[in-house]
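# Residue-level structural notes
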Amino acid sequence: MTSKTKRVGLLTGGGDCPGLNAVIRAVTKDLLRTHIEVVGIEDGFLGLIEGRMRPLGYDQVSSILAVGGTILGSSNKANPAKFATELDEHGEPIWRDVTQQCLEHAEANGLEGLVVIGGDGTHACAMPFVEAGLPCIGIPKTIDNDVYGTDVSFGFSTAVQVVSDAIDRLRTTADSHHRALVLEVMGRNAGWIALAGGLAGGADVILIPEHPFRVDRVVDKVERRIKRGRRSTIVVVSEGAKAMGQGPMVRRLDPTSPDPIKFGGIGAWLADEISTHSSVDARNVVLGHLQRGGTPVAFDRVLSTRFGHHAAKLWNQNVHNRMVAVQADRMVDVPIDESAGKQRLVPLDHELIAAARSVWTDFG
Ligand code: F6P
């Protein structure tokens, strides 16, 4: 029988999201009970590359449940298997595999395993360590809710609440001025935030990447609402949504990031289209990183604690290389590479779409 793990490293990778600290707290507190030490690795895999880590104990994780961000810091650029150490004379990144360097830092710090809290990119980054014999447990994180293998990831509900609150505010000013307000939300290629946030806020139009939209349908909806005496129209558009026949709008490319495409601009473009082709004046708001900052809502605090407890349980049972997940509201675990190269997108026959249509929400 393999001997029980005595010390694990824990890192938060990729874009941050509300609930990361709640997970750090849950894993650390639970493992303390069974005398497994936790070492916090700073700034995601970057800290493992550079050997930056510090012990986590009760005092470090007490009182962080409701704190946004991550006390450890994160990085969405540091992939040890393909790490940009410098730029060449053309400004192109020079890639190196620094997995061995990370393994040496892990060994020097007595790490017998890793807890990696992140999305598909972070879990993919963990695979070379799994293959090298350093066991890993993954915990799915992202406001986008697009991690394959779990029905839900923490951070999503908080982002949806932010969207819903924003719509409530936009509705009153839009009503005052008889305007259309276009709210651009995050989500990359997945429309979950726009769909759930739009539903929660009573948006009149929801546009998601999975369903290319027709601008004339959106304009038509705006006009029909005015004719019926509605004072405003709220359009929620996912950053990755695209008009029929067009690609998504890319704000910039970051070749050093595992997620090189940075979306942005669809909201401004659509507001101009509405202003030009309808009788209604339109404005746009980009909600941006407001969706990722701040304190997690109660649902995410509970989910983070459940995830953390399940991850700790796996270490105590000597079960390795799994990602904790929720399926049909039950805590389960799946192979850690389950999400690699896959995205959990919105199926067009999803009941949330049917529910939105039932209250006359248009999908363009
Ligand atoms: O994946 C989370 C996310 O917030 C996406 O919704 C968004 O497209 C992206 O990260 C933004 O990344 P960055 O913080 O690098 O701008």
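Residues numbered from 1 in each chain as written. Predicted model: local features only at pLDDT ≥ 70, side-chain atom pairs only at ≥ 80, totals over all residues. Heavy atoms only, no water.

### Some words on the overall build of the protein chain
Put simply, the rule is: Secondary structure elements follow DSSP: runs of H or I no shorter than four residues count as helices, runs of E no shorter than two count as strands, and numbering proceeds from the N terminus. Three exposure classes are used, based on accessible area relative to the maximum for each residue type with a 1.4 Å probe and protein chains only: buried under 20%, partly exposed in between, and exposed over 50%. Here a residue-residue contact requires only that any non-hydrogen atoms of the pair lie within 4.5 Å. The protein chains shown are the only cover counted for residues, whose accessible areas, like all others here, come from Shrake-Rupley with a 1.4 Å probe. Only four residue types enter the tally: Lys and Arg on the positive side, Asp and Glu on the negative side; His and the chain ends are excluded. Every charge is mapped onto a representative atom, which is NZ of Lys, CZ of Arg, CG of Asp or CD of Glu.
If you tally the helices and strands in the protein chain, you get 11 helices and 15 strands. Reported as C-alpha extents along the three principal axes, the dimensions of the protein chain are approximately 70 × 50 × 35 Å. For the protein chain, the proportion of its 364 residues judged to be buried stands at 53%. A separation threshold of at least 6 residues defines the contact pool for the protein chain, and within that pool the share at least 24 residues apart is 72%. Working note: accessible area of the protein chain is about 15400 Å², and carbon and sulfur atoms make up 51% of it. One way to put it: in the protein chain the 39 positive side-chain charges average out to a point 7 Å from where the 43 negative ones average out.

### Describing the domain arrangement of the protein chain
Interfaces are frequently sized by the accessible area removed from exposure as the parts join. Note the cut-off: These domain limits were set by an automatic method or by a database of domain assignments. Accessible area, probed at 1.4 Å, shrinks when two parts are joined; the buried area is that loss added up over both. Take a side-chain nitrogen of Lys or Arg and a carboxyl oxygen of Asp or Glu: if they are within 4 Å of each other, that pair is a salt bridge. As used in this structure description, the phrase polar contact means that two N or O atoms lie within 3.5 Å; if the pair is within protein, one of them must be able to donate a hydrogen and the other to accept it, and residues adjacent in sequence are counted only when both atoms belong to side chains.
Here the protein chain is described as being made up of domain 1 (7–154 + 296–338) and domain 2 (157–292). Placing a centre on the C-alpha atoms of domain 1 and another on those of domain 2 gives a separation of 32 Å. Roughly 1600 Å² is buried in total at the junction of domain 1 and domain 2, and carbon and sulfur atoms are behind 54% of that figure. In terms of surface lost to domain 2, no three residues of domain 1 exceed Lys77, Ile143 and Asp144, which account for 34% of the buried area on that side. Remark: the boundary between domain 1 and domain 2 carries five salt bridges. Across the contact surface, domain 1 and domain 2 share seven residue pairs in polar contact (both at pLDDT 80 or more). For the side of domain 1 that touches domain 2, the secondary-structure elements that each account for two or more residues are β5 (93–96) and α10 (298–316).

### Some remarks on a nonpolar patch on the surface
The line we're drawing: Here, patches come from residues exposed beyond 30% relative accessible area and free of salt bridges, joined within 9 Å for like charges and within 5 Å for nonpolar side chains (Val, Leu, Ile, Met, Phe, Trp, Tyr).
Judged by side-chain polarity, Val250, Leu253 and Ile261 come together as a nonpolar surface patch covering roughly 270 Å² of accessible area. Residue placement: Ile261 occurs in strand β12 (residues 261–263). Ile261 sits in the partly exposed class, given a relative accessible area of 39%.

### A word on the side chain of Arg225
By the secondary structure assignment, Arg225 is in helix α8 (residues 215–227). Among the residues examined, Arg225 registers a relative accessible area of 15% and is labelled buried. One polar contact links Arg225 to Thr233, side chain to side chain, over a distance of 3.2 Å.

### Some remarks on the packing of aromatic side chains
What counts is decided by this rule: Geometry of aromatic contacts follows a simple scheme: Phe, Tyr and Trp rings, the Trp one being its six-membered ring, pair when their centres are within 6.5 Å, and the pair is stacked under 30 degrees between planes, edge-to-face over 60, tilted otherwise. A ring is considered to have a charge above it if a Lys NZ or an Arg CZ atom is located within 6 Å of its centre and within 35 degrees of its normal.
Applying the stated rule across the entire model yields two aromatic pairs. A ring pair is formed by Phe45 and Phe129, whose centres lie 5.8 Å apart and whose planes are at 5 degrees; its orientation type is stacked. With Phe45 in helix α2 (residues 45–50) and Phe129 in helix α5 (residues 120–131), the pair connects residues that are 84 residues apart, well separated along the chain. Per residue, the accessibility class of Phe45 equals that of Phe129, and both read buried. Consider the rings of Phe154 and Phe307, whose centres lie 6.3 Å apart with planes at 65 degrees: the pair is edge-to-face. Pair noted here: Phe154 is in the loop between β7 (136–140) and α6 (156–177) and Phe307 is in helix α10, with a separation of 153 residues, a long-range link. Given the relative accessible area of 0%, Phe307 is considered buried. Here the basic side chain of Lys82 rests over the ring of Trp95, its NZ or CZ set 4.4 Å away from the ring centre. Residue placement shows Arg344 over the ring face of Trp192; its charged tip is 4.4 Å from the ring centre.

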